[in-house]
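# Understanding the architecture of this molecule
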Number of protein chains: 2
Amino acid sequence: MSLDTARMVQMANAIRALSMDAVQAANSGHPGMPMGMADVATVLFSEYLKHDPSAPDWADRDRFVLSAGHGSMLVYSLLHLSGYAHPTMDDIRNFRQLGSPCAGHPENFLLDGVECTTGPLGQGLAMAVGMAIAERKLNADFGSDIVDHKTWVIAGDGCLMEGINHEAIGLAGHLKLGRMNVLWDDNNITIDGSTDLSTSEDIKARYEATGWHVTSCDGHDFDDIRRAMDEAQADDRPSLIACRTVIGKGAPNKQGTSATHGAPLGDEEISAAREVLGWDHKPFEIPEQVLTDWRGTAESGQAEHKGWQDRLANDGRRADFERRMAGDLPEKFSLDNYIQSLMKDPVKVATRKASEMALEKINAMLPDTMGGSADLTGSNNTKAGGIGPFTADDYSGRYIYYGIREFGMAAAMNGMALHGGVIPYGGTFLVFTDYCRAAIRLSALQQTRAIYVMTHDSIGLGEDGPTHQPVEHVQSLRMIPNLLVMRPADAVETAECWDIALRSKDRPAVLALTRQGLPQVRNHPEETDMCSKGAYRLKKAGNAPKVTLIASGSEVHLALACAEELEKQGVGASVVSMVCTQLFDEQDEAYRKDMIPADTLRISIEAGTTFGWERYTGENGLNIGLDRFGASAPAGDLFEKFGFTADAIVPQIINKFKG
Amino acid sequence: MSLDTARMVQMANAIRALSMDAVQAANSGHPGMPMGMADVATVLFSEYLKHDPSAPDWADRDRFVLSAGHGSMLVYSLLHLSGYAHPTMDDIRNFRQLGSPCAGHPENFLLDGVECTTGPLGQGLAMAVGMAIAERKLNADFGSDIVDHKTWVIAGDGCLMEGINHEAIGLAGHLKLGRMNVLWDDNNITIDGSTDLSTSEDIKARYEATGWHVTSCDGHDFDDIRRAMDEAQADDRPSLIACRTVIGKGAPNKQGTSATHGAPLGDEEISAAREVLGWDHKPFEIPEQVLTDWRGTAESGQAEHKGWQDRLANDGRRADFERRMAGDLPEKFSLDNYIQSLMKDPVKVATRKASEMALEKINAMLPDTMGGSADLTGSNNTKAGGIGPFTADDYSGRYIYYGIREFGMAAAMNGMALHGGVIPYGGTFLVFTDYCRAAIRLSALQQTRAIYVMTHDSIGLGEDGPTHQPVEHVQSLRMIPNLLVMRPADAVETAECWDIALRSKDRPAVLALTRQGLPQVRNHPEETDMCSKGAYRLKKAGNAPKVTLIASGSEVHLALACAEELEKQGVGASVVSMVCTQLFDEQDEAYRKDMIPADTLRISIEAGTTFGWERYTGENGLNIGLDRFGASAPAGDLFEKFGFTADAIVPQIINKFKG
């Protein structure tokens, strides 16, 4: 039921006032978007969005994503006005100040109701695709009584111009995610000025070409907005609603120009806007009637929430649903038996194959997982355990053919993980983390359990050559805070890494896996759970310990071969498998010094950049690596050429002693 | 003039035979695309492409980009057959082997005629946009007698599905680059299988919506191919030609399936293909008539080349044109006067502003530069020196409004640099190197002089918060081989870095620049060209040298403040400005040890990850940095919070001595 228009106008003006005042107080920020989209957002939050401000974590709430994250004051205003516990008005007063949850861009880890962190353009909409996927999957698993919600997005021209938009809407159109609706702030303005400066695209035609339903509305006419939203809800395709708006609407001298985009309006213009808007209240003051109207909009959502709770209480699948939404693994989930079977019957396989073997077990035990690949299914070995495809015709499937859309895949995985109820994993070649690095970073920042299955992790990829051979990637990913980069050495370590990744609820993981076969280096059944400390001693020195070899992944067996040769020459050498530098760095000093004793010659071996390994090998260590681009040739030839053989390495170690 | 169809068929079959045989010999590779596109490519190379195989570096040649780089045997076949000196048949026999220029993917630095390195999907087409931009710019500068060529692209479904395709074609459509024609290998197959698995897009409609001319043809009908190419050439918009092909055409049992995409056909299927194709020649044998026909196609291009040489010889702009195409700077180009003026009148400015000041001078002296920004012109300070916009209406402009297309911008810059005659620079926020990292890597691999103006290079960005604050970026970019990452400390260093970047013909550069103002630390007129060694001693120790402070960019003045305080306490402290680790690492050991003496306590200060700094600070050094994501607050508050003040740092240093 709609309020009368005059009261709706004041509700929208409350957003405008909070936005311009907060940006002014912070002396930085973006007033233009919240002011331009205030009317659309008011209709959405008061009449369409299914949510319960008193229970922001309600599993069956509609998801709202502000993809144009720079307009963060829009969502802060909406959450405050509609009655969420946070942000408080004090939080809003402290917009963009240290300690306020009202950060420059919305951060999912600072505020309930902020479904995802946005700001890096295009990614919000692409994450929303993942949320819509998760919704359909859980609907298929649990039925419409329990899971039946929509995903709403507000996006700007920037979100639509970014390349990821093409990938995201291609995926959404193909999967017919009809419960996803994008409200495009169609204001013809970007930071640099008019959109004419840089684009001539017919955006609506492009969306239609990609399988979307498209409509448009006057973004300042409540009835027209409602008409467009009704139309979008009725269509079974995902919908784009082009909301024609005036950026900075209400600021009489600056509206409609890029001057309102990313800078405070200034006191004078704000005064003028107050007059135009008929808003004669002080900054951060909301009149009683407006607040009452806003708070009243929560009632229908609360009623729906209550009904849902009753349905869930009587549903036999409740426990499983709640476990999945909480992100917990089933109590009986364990890879121990599988790992013990490997101990008994060692295998020589590529770690990408070992990952597939682990996934066979995981996917059979864990209904939560949803796999996929950016068109490298057979190479990434990601389709395992008999899981079927997730398609427009069958949302019960658990495998997504993402197409050649690495960035779109990674962002969708973030959205799925943020939605909850599913654990997404997806693959491509490790070198193409460069295509989706911005989304991997957002996995880490948002603390999502997205699991990246990144295969062909070095020059061991071979013939495809330098464009496809990671050199700097493993090490440079290790620099992203809160990201577990794991490079297992064999099938046992691969299974342990999968176990760690699945149990890390608040952290994404990158599994760096080989194309080429690797011997199994772990054969002692009593040595379990070795990877969880990041690094461990795989082989003790036989002779008096002189050398510590630190290697990861495919270079661990090489380190063992070097150690064997050194021992023959009377030099005691231990081998440490550095599976995950992040986890190792988190161990206490005693453990770290015990693993890598400072009184030994410390040597790193990894088929990638040496930069950074000095952290572990110290000043007088030796760093065996590759500080150039690779080349096209069979893997064996490349390892030989670039010196990754015991014959090439051992003499360097012996020389180091002499030197 | 066309040859008769039967002979054209054999010319195309020569490509098919070489491709399937070379892939078989290598036991890896992609035969499907070259076999499917053999007919289209034969028409293109024999009748349309303006080139002279005896002079692959002819400036006015058409550019040909094989964007679907995995089909590399197509371009190797074409170059060999049409008479380029390389690849030889021996090179082709050694496809994908160590030392052969016929790498798994085409590498511009291995073969003339390979205009750019492709394989990372979508980037070839996007680089072609840059080539087409450079062509129009040089045409505007030098006239149609000297510069008048086309850009041709062969792209596959993958290139079109990648996000960068949206950015690239949006830019090309907006700029009306009508001399660019894309031949799309429309075969409905990707690695995972049918394109139906992952996409439902109407690609032609999408291109039309983006301002492109679209036509289609039967990719196995020479006349229809010619008709479509004629139509494309006649249209003043960029053109997409959808070439309906059968992947692996000629392999009777596997054609039309993903089995031909990325694996050898096998001896049996190759035999069967030989029969179907009527190709009864041994592997790597080309019959005389076919070779004669192919070599004959070079004549018209050679004649055109001769005519062009005559025109150029008589053109008054010849010297300037040749200088620009050679990539040399004018002899009189120098920033020395400008730098000396800074020495006289020091400025306190952000280095992004200092970059603008340098560009004012550079753009005035150097007609080669073409600037731009991904919709952050006012923030990146990239529009300087009075250069006007490059638009569809005026190709003489030197500033490109790239729109919100970081990846498309970076790829276009690569294409412009590869084309030659222009020196591209472009800006965005440093954190968004993540959006274009895959193209920056290709700048480095391809040895192109693309200059990235990356501003807002740390938490000094302030209120926009962690999504916009680089933490790991500077350090992780330093790991890319052949990339100069430069982080200048003030206006003088910024000018020196610009000078280095412009003079590095074979290397891309990233300039990491501040949002916030920085005091000028370089005031000694006699100290010139200090940045070229990567790092230098900015301040000598006063007391007996005990401490070496190594800092970059905005932390250099902080290091100076720390040194001052240390000296007050009687501790001799020198300060090294680490402008560019790559250049520093290239210096001899004596210089490096002199700058950073091992008998001092070595301390790094950089507002980013500490990982990797151990290379310079050794085992017992101190690494001041930020190993977490940032936060949203004014910059000063953040530097304070995260300990980037002399008050926070000096006690740590003193403690280190005690410890």
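This one's a predicted model, so the numbers in the text were calculated from it and none came from an experiment.

## Quick look at the overall build of chain A
Each helix and strand counted, chain A has 26 helices and 20 strands in total. Against the globule reference of 26 Å for 659 residues, chain A gives a C-alpha radius of gyration of 27 Å, in line with a compact fold. Buried positions account for 68% of the 659 residues belonging to chain A. Long-range pairs, those at least 24 residues apart, make up 78% of the contacts in chain A between residues at least 6 apart in sequence. Of the roughly 20,200 Å² of accessible surface on chain A, 46% is carried by carbon and sulfur atoms. Between the mean site of the 62 positive side-chain charges and the mean site of the 90 negative ones, chain A shows a separation of 5 Å.

## Some words on the packing of helix α1 (residues 5–26) of chain A against helix α2 (residues 32–48) of chain A
Residue and element names in this part refer to chain A. Close contact between α1 and α2 brings their axes to 8 Å; oriented N to C, the two are set at 130°. As the angle between them shows, α1 and α2 are arranged oblique. Once α1 is placed against α2, the crossing between them reads as right-handed. Each of Met 8, Met 11, Ala 12, Ile 15, Arg 16, Ser 19 and Met 20 in α1 lies in contact with α2, whose residues at this interface are Pro 34, Met 35, Ala 38, Asp 39, Thr 42, Val 43, Ser 46 and Glu 47. Residues of the contact of α1 with α2, tallied by class, amount to nine nonpolar, three polar and three charged.

## Observations regarding the interface of chain B and chain A
Each partner contributes to the interface: chain B provides 95 residues, whereas chain A provides 94 residues. For the pair chain B and chain A, the summed buried surface comes to about 8,200 Å²; carbon and sulfur atoms form 58% of the total. Joining chain B to chain A, the criterion identifies 10 salt bridges. With a closest N to O distance of 2.6 Å, Glu 619 of chain A and Arg 602 of chain B form a salt bridge. The interface formed by chain B and chain A includes 58 residue pairs in polar contact (both at pLDDT 80 or more). The leading source of residues in the side of chain B that touches chain A is helix α18 (residues 433–446) of chain B, at eight residues.

## A short note on the relation of the copies chain B and chain A
Between the two copies, chain B and chain A, the superposition gives an RMSD of 0.0 Å; the rotation angle is 180° and the shift along the axis is 0.0 Å. Expressed as an axis order, the relation between the two copies is that of a two-fold axis. Both copies present the same face, since 99% of the interface residues in chain B are matched by interface residues at the equivalent positions in chain A.

## Things to note about the sheet that holds strand β13 (residues 484–486) of chain B
All names here are of chain B. Read across the sheet, six strands follow the order β10-β9-β11-β12-β14-β13 without closing on themselves; strand pairing throughout is parallel. Strands with a single pairing partner mark the edges of an open sheet, and in this sheet they are β10 (399–401) and β13. Pairwise comparison of adjacent strand axes, ignoring direction, gives a mean angle of 20° for this sheet. Relative to strand β11 (residues 423–429), strand β9 (residues 369–373) runs parallel, the two being bridged by three bridges. Bridge pairing in β11 places Ser 373 opposite Gly 427.

## Describing the nonpolar core
Counting 176 residues, the largest nonpolar core has Leu 549 and Ile 605 of chain A together with Leu 549 and Ile 605 of chain B as the members making the most contacts within it. Ile 605 of chain B has contacts with Leu 549, Ile 550, Ala 551, Ser 552, Glu 555, Leu 558, Ala 559, Cys 562, Ile 624, Phe 644 and Ile 649 of chain B, leaving out every residue within four places of it along the chain.

## Section: helix α10 (residues 267–277) of chain A
Residue and element names in this part refer to chain A. Within the span of α10, buried status applies to Glu 269, Ile 270, Ala 273, Arg 274 and Leu 277. End-on view of α10: buried residues confined to an arc of 145°, all on one side of the axis. Away from its buried face, by an angle of more than 90 degrees, α10 presents the exposed residues Glu 268 and Glu 275. Looking one or two residues beyond α10, the residue adopting positive phi is Gly 278, at roughly 65°.

## Looking at the sheet that holds strand β19 (residues 601–605) of chain A
Residue and element names in this part refer to chain A. Ordered by their spatial adjacency, five strands build an open sheet running β16-β18-β17-β19-β20, and the pairing between neighbours is mixed. Looking at the sheet topology across the chains shown, the edges are occupied by β16 (535–539) and β20 (622–624). Across the sheet, the axes of successive neighbouring strands diverge by a mean angle of 25°, strand direction being ignored. Note that β19 and β20 share three bridges and pair parallel. Of the residues in β20, the one forming a bridge with Ser 604 is Asn 623.

## Looking at helix α26 (residues 646–658) of chain A
Count 3.6 residues to each turn of an α-helix, and residues three or four apart come out pointing the same way. Residue and element names in this part refer to chain A. For α26, with 13 residues, the first-to-last C-alpha span of 18 Å sits near the 18 Å given by 1.5 Å per residue. Regarding α26, the residues found buried are Ala 646, Ile 649, Val 650, Ile 653 and Ile 654. The buried residues of α26 occupy an angular sector of 135° when the element is viewed end-on, so they sit on one face. Turned more than 90 degrees off the buried face of α26, the exposed positions are Asp 647 and Lys 658.

## Comments concerning the pattern of salt bridges
All names here are of chain A. Evaluated as defined, the whole model comprises 88 salt bridges over all chains. Among the ionic pairs, Asp 293 bridges to Arg 7, the shortest N-O distance being 2.6 Å. Here Arg 7 lies in helix α1 and Asp 293 lies in helix α11 (residues 288–296), a separation of 286 residues in the sequence. Note on Asp 293: relative accessible area 6%, which makes it buried. Taken together, the salt bridges that share partners define one network made up of Asp 457, Arg 478, Arg 487, Glu 555 and Glu 606.

## Observations regarding the packing of aromatic side chains
Describing an aromatic ring pair means giving the distance of the ring centres and the angle of the ring planes. All chains considered together, the criterion is met by 36 aromatic pairs over all chains. Aromatic pair Phe 142 of chain A and Phe 321 of chain A: ring centres 5.1 Å apart, planes at 75°, arrangement edge-to-face. Placement of Phe 142 of chain A in helix α5 (residues 123–142) and of Phe 321 of chain A in helix α13 (residues 318–326) is noted, with a sequence separation of 179 residues between them. For Phe 142 of chain A, a relative accessible area of 3% puts it in the buried group. The class for Phe 321 of chain A is buried, based on a relative accessible area of 3%. The structure contains a cluster of three or more aromatic residues connected by ring pairs, namely Phe 584, Tyr 591, Trp 613 and Tyr 616 of chain A together with Phe 611 of chain B. Above the ring of Tyr 399 of chain A, the side-chain terminus of Lys 383 of chain A is found at 5.9 Å from the ring centroid.

About the criteria used
Residues numbered from 1 in each chain as written. Chains lettered and ligands numbered in written order. Predicted model: local features only at pLDDT ≥ 70, side-chain atom pairs only at ≥ 80, totals over all residues. Heavy atoms only, no water. Helix = DSSP H or I, 4+ residues; strand = E, 2+ residues; numbered from the N terminus. Rg over C-alpha atoms; globule rule 2.2 N^0.38 Å. Buried < 20%, exposed > 50% of the residue type's maximum accessible area, 1.4 Å probe, protein only. Contact = heavy atoms within 4.5 Å. Areas by Shrake-Rupley, 256 points an atom, 1.4 Å probe, with all protein chains shown as cover. Lys, Arg positive; Asp, Glu negative; His and termini not counted. Charge placed at Lys NZ, Arg CZ, Asp CG, Glu CD. Axes fitted to C-alpha atoms, helices over the stretch in contact; angles between N-to-C directions. Parallel < 35°, antiparallel > 145°, perpendicular 65-115°, else oblique. Left-handed = near helix turned anticlockwise from the far one by under 90°. Nonpolar A, V, L, I, M, F, W, Y, C, P; charged D, E, K, R; others polar. Buried area = accessible area lost by both parts, 1.4 Å probe. Salt bridge = Lys/Arg side-chain N within 4 Å of Asp/Glu carboxyl O. Polar contact = N/O pair within 3.5 Å; in protein donor to acceptor, adjacent residues only side chain to side chain. Least-squares fit on C-alpha atoms with pLDDT ≥ 70 in both. Pairing = 2+ DSSP bridges. Core = buried A, V, L, I, M, F, W, Y, C linked by side-chain atoms within 4.5 Å. Arc of directions from axis to C-beta. Expected span 1.5 Å × (residues − 1). Phe/Tyr/Trp six-rings, centres within 6.5 Å; stacked < 30°, edge-to-face > 60°. Lys NZ or Arg CZ within 6 Å of the ring centre and 35° of its normal.

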